[in-house]
Amino acid sequence: MQAFDTDVHSRILALVNAILKQNSIAAKVLPDSRLADVGLTSMDMVNLMLGVEAEFDLTIPQSEI
């Protein structure tokens, strides 16, 4: 199960780092980092949510957004 968790964490961190790179932000992101503190805007958060949906082939319910 730990390998699965590590894979999920690394895939999500890759999505976050891609958004940061796109915005020319150099920040170290850890699993417990607050995304707003590392430089993600509200629009970046929406892009991250869409990226997570695409990466994991799921839909986040509107009520959970």
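Cut-offs used in this document
- Residues numbered from 1 in each chain as written.
- Predicted model: local features only at pLDDT ≥ 70, side-chain atom pairs only at ≥ 80, totals over all residues.
- Heavy atoms only, no water.
- Helix = DSSP H or I, 4+ residues; strand = E, 2+ residues; numbered from the N terminus.
- Buried < 20%, exposed > 50% of the residue type's maximum accessible area, 1.4 Å probe, protein only.
- Patch = residues over 30% accessible without salt bridge, like charges linked within 9 Å, V, L, I, M, F, W, Y side chains within 5 Å.
- Areas by Shrake-Rupley, 256 points an atom, 1.4 Å probe, with all protein chains shown as cover.
- Salt bridge = Lys/Arg side-chain N within 4 Å of Asp/Glu carboxyl O.
- Core = buried A, V, L, I, M, F, W, Y, C linked by side-chain atoms within 4.5 Å.
- Contact = heavy atoms within 4.5 Å.

### Description of unusual backbone geometry
The backbone of Ser-24 shows a phi angle near 55°, a positive value even though the residue is not glycine. Relative to the helices and strands, Ser-24 is located in the loop between helix 1 (2-22) and helix 2 (42-56). For Ser-24, a relative accessible area of 70% gives the class exposed. A positive phi angle, near 50°, is found at Asp-57, a position not held by glycine.

### Side note on a nonpolar patch on the surface
There is a patch of nonpolar side chains on the surface, built from Met-43, Val-46 and Leu-50 and spanning about 270 Å² of accessible area. Following the sequence through the fold, Leu-50 ends up in helix 2. Residue Leu-50 is classed as partly exposed on the basis of its relative accessible area, which comes to 43%.

### Quick word on the nonpolar core
Formed by Leu-15, Val-16, Ile-19, Leu-20, Val-29, Val-38, Leu-40, Leu-48 and Val-52, the largest nonpolar core amounts to nine residues. Breaking this core down by element, the ones donating at least two residues are helix 1 and helix 2. Take this core: its biggest share by element is four residues, from helix 1. Once residues within four sequence positions are removed from consideration, Val-52 is found in contact with Leu-15 and Asp-57.

### Examining the pattern of salt bridges
Overall, the coordinates contain three salt bridges when judged by the stated rule. We note a salt bridge from Arg-11 to Glu-55, for which the minimum N-O separation is 2.8 Å. Taken together, the residues Arg-11 in helix 1 and Glu-55 in helix 2 connect sequence positions 44 residues apart. Judged by relative accessible area, Arg-11 falls into the partly exposed class, the value being 26%. Look at Glu-55 and you get partly exposed, because its relative accessible area is 35%. Between Arg-34 and Asp-37 there is a salt bridge, and its shortest N-O distance comes to 3.3 Å.

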